[in-house]
Amino acid sequence: MDSLCETLQKLKLTAAEGGVDNLERDLDGLLKALAHSNAEASEKIQESGILKVFLDLLAPQSSCAPKVANIIAEIAKNEFMRSPCVDAGLIPPLVQLLHCKDQEILLQTGRALGNICYDSHILQAQLIGMGVIPTLVKLLGIHSQNAALTEMCLVAFGNLAELESSKEQFASTNIAEELASLFRKQAEHEKKEMIFEVLAPLAENDTIKLQLVDAGLVECLLDVVRQTVDSNKDEDIAELKTASDLMVLLLLGDESMQKLFDGGKGSVFQQVLSWVPSHNHQLQLAGALAIANFARNDGNCIHMVDAGIVQLLLDLLDRHVEDGNVTVQHAALSALRNLAIPVVNKSKMLSAGVSDEVLKFLKSEMPPVQFKLLGTLRMLIDTQADAADQLGKNAKLVGRLVEWCEAKDHAGVMGESNRLLSALIRHSKSKDVIRTIIHAGGVKHLVTMATSEHVIMQNEALVALGLIAALDLGSAEKELEGASLVPILHRLLSDDLSAPEIKYNSMILICAVMGSEPLHKEVQGLTFLDVISKLRSHENKTVAHQASLTEQRLTVQS
């Protein structure tokens, strides 16, 4: 290391004197020392104070610039050297060097900046602020034949694209065209993988999604799928997954999705549909997720149901009933749920046997599958009285719902179970359904649901409880009393924060339970008249009117 100290001393002197040949020799000496023992040599470089000397040597006209940038790249491999490089002010002159035409300078400069800013979002954000993204995109276009420079740009893009602040800058460049063009030229798996690593974070941005679709990336992805679908090689399996996952991600943007759907005639849409009956689980998954993404507006959903896509999904689910792939089950149920949203689709899907197929997954112990199963059934029975009546009398289904209403570890499943219980009553308005739910012990869960933090769930619960009280109060009164319904209603009416519809439906329910002697006594034991008389002056006219009617009813029956 003594020779290194001498080299550093000489370098300082030579830099001051400006002898180019000697400078080149001394810089070569530093590079050799770093190659021999990077960490130790880097420490000596830091102690010597030579970093400040590098500032002048990084000038664009300096013939030493590539070697100095190379040295900075090498020392910045060490975490302890990154801050000293920043403190020495090396970032601005390095950024300036990115405008050079010399490919060696560009390569070493990119390496140096990448290593200094490695794993530092603050420094990466600083680079973005200095405009490196448009510069690097331009470089990629100009030097796409230079493998080392291309790789440097891709590594930089991969790091910078992780920052949300980079997306807007990337979107203002022609990055989509450059990456799609580069991807088409690649034959090697590793090179494609590098491009994928840049595309994934970039494709999270909706503007860039559309740019990538316009640049023809989707056709590249479909080619990858065709080339790898029948291969057993690990690298091909990985490439198939990455390509199909990226395809699904591109469909998450409304504009990019609609462009590829193309009124249901899009060739991409048709090819993605062909993935669903595939023997490959990854393609089945991607196909089902793609359908779920295409099914994000009523027009698309109606077209897909009329085109017979429901049967594709039912056949897929049927292949995964026994010990099936959970992610495929989840994706197919997600697609069916979305397709069931338009009112005109519900009866068609029920006629196609969707509810029967979905019920086969009641035995699933996987919360994600349970959650989608519940959501699909809830969407299907919305406004469909016959279906709600049939499902609501299914003791096995109702028993499972009551069980899941207690799934405290899975809030989504618990919430959806409560909502489906309520929906079965609200859409069927059936005494038989109400009795099935009372018998299964579901009433207490509806009472608890009335205290939910979500107004929509509170309201659904109160309407269902109102129907129970109107249609079969005698059978339900013990459960309603045991679940403390009356005190809960008192609390909802007393709370200034309760929404108008909650107050309105709570008063409707109070009137309905007055026909039960034990519940009537509970009402009399609490200060309902005081609370309701205040609501007569409520700013919402519907609430105020119902308060007058409720007050009259309570006064008559007190």
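If you're wondering where the values come from, they're calculated on a predicted model, not measured in any experiment.

(A) Structural view of the overall build of the chain. Broken down by element type, the chain carries 37 helices and 0 strands. For the chain, whose C-alpha radius of gyration is 34 Å, the value lies well above the compact-globule estimate of 24 Å for 558 residues. Oriented by its inertia axes, the alpha-carbon framework of the chain measures out at about 110 × 55 × 40 Å. Out of the 558 residues in the chain, the part that is buried amounts to 55%. In the form shown here, the chain has an accessible surface area of approximately 24,600 Å², with 50% of it arising from carbon and sulfur atoms. Across the chain, the mean location of the 50 positive side-chain charges is 5 Å away from that of the 72 negative side-chain charges.

(B) Representation of a negative patch on the surface within the structure. On the surface, E188, E190, D234 and E235 cluster together into a negatively charged patch. Following the sequence through the fold, D234 ends up in helix α17 (residues 234–250).

(C) Here's a closer look at the nonpolar core. If you look at the biggest cluster of nonpolar residues, it comprises 200 residues, and the most contacted ones within it are F54, I72, L94, L136, F157, F170 and L339. With 11 residues, helix α32 (residues 455–482) is the largest single contributor of residues to this core. For F157, the residues in contact, after removing those within four places along its chain, are L136, V137, L140, F170, I175 and V198.

(D) Summary view of the state of the cysteines. Within the structure shown, the criterion is met by 0 disulfides. Free cysteine: C220, not disulfide-bonded; nearest cysteine sulfur from C153 at 19 Å. Owing to a relative accessible area of 6%, C220 belongs among the buried residues under this scheme.

(E) Molecular detail of α32. Over its 28 residues, α32 runs only 23 Å from end to end, short of the ideal 40 Å by more than 12%, given 1.5 Å per residue. Residue L473 marks the point of greatest curvature in α32, where the axis turns by about 125°. Positive backbone phi, at 60°, marks S484, one or two positions downstream of α32.

(F) Fine view of the UniProt feature "repeat: ARM" (unreviewed entry) in the chain. With numbering matched to this structure, UniProt assigns "repeat: ARM" (unreviewed entry) to residues 89–116 and 308–354. Along residues 89–116 the backbone is 75% helical and 0% strand, and the end-to-end C-alpha distance reaches 12 Å.

(G) Seen up close, the environment of M507. Assignment of secondary structure puts M507 in helix α34 (residues 500–513). Residue classification places M507 among the buried residues on the basis of a relative accessible area of 0%. Linking M507 and L212, residues 295 residues apart in sequence, is a C-alpha distance of 55 Å. When residues no more than four places from it in sequence are discounted, the contact partners of M507 are L493, I532, L535, V543, Q546, A547 and T550.

(H) A look at the side chain of S355. Mapped onto the secondary structure, S355 falls in helix α25 (residues 354–359). Each residue touching S355, except ones within four places of it in the same chain, is listed here: L350, L377 and L380.

(I) Quick look at unusual backbone geometry. The phi torsion at K429 lies on the positive side, around 50°, for a residue other than glycine. Tracing the backbone through its elements, the reader meets K429 in the loop between α29 (411–428) and α30 (431–440). Look at K429 and you get exposed, because its relative accessible area is 54%. Notably, S484 is not glycine yet its phi reads approximately 60°, a positive angle. Tracing the chain through its elements places S484 in the loop between α32 and α33 (485–494).

(J) Layout of the packing of aromatic side chains. Using the criterion set out here, one finds 5 aromatic pairs in the structure. Taken together, a centroid distance of 4.7 Å and an interplanar angle of 65° make the contact between F261 and F269 edge-to-face. Residue classification places F261 among the buried residues on the basis of a relative accessible area of 2%. A network of ring pairs unites the aromatic residues F261, F269 and F294 as a single cluster.

(K) Structural context of the pattern of salt bridges. Evaluation of the coordinates by the stated rule reveals 25 salt bridges. Salt-bridge contacts for E460 lead to R426; the nearest nitrogen and oxygen are separated by 3.9 Å. Of this pair, E460 sits in helix α32 while R426 sits in helix α29; the two residues are 34 residues apart in sequence, bridging distant segments of the chain. Judged on exposure class, the residue E460 and its partner R426 are both buried. Here the salt bridges share partners, and the residues they tie into one network are E74, K77 and R111.

Cut-offs applied
Residues numbered from 1 in each chain as written. Predicted model: local features only at pLDDT ≥ 70, side-chain atom pairs only at ≥ 80, totals over all residues. Heavy atoms only, no water. Helix = DSSP H or I, 4+ residues; strand = E, 2+ residues; numbered from the N terminus. Rg over C-alpha atoms; globule rule 2.2 N^0.38 Å. Buried < 20%, exposed > 50% of the residue type's maximum accessible area, 1.4 Å probe, protein only. Areas by Shrake-Rupley, 256 points an atom, 1.4 Å probe, with all protein chains shown as cover. Lys, Arg positive; Asp, Glu negative; His and termini not counted. Charge placed at Lys NZ, Arg CZ, Asp CG, Glu CD. Patch = residues over 30% accessible without salt bridge, like charges linked within 9 Å, V, L, I, M, F, W, Y side chains within 5 Å. Salt bridge = Lys/Arg side-chain N within 4 Å of Asp/Glu carboxyl O. Core = buried A, V, L, I, M, F, W, Y, C linked by side-chain atoms within 4.5 Å. Contact = heavy atoms within 4.5 Å. Disulfide = S-S within 2.5 Å. Expected span 1.5 Å × (residues − 1). Bend = angle between axes of the 7 residues up to and from the residue. UniProt positions renumbered as here; feature names shortened; annotations may be inferred. Phe/Tyr/Trp six-rings, centres within 6.5 Å; stacked < 30°, edge-to-face > 60°.

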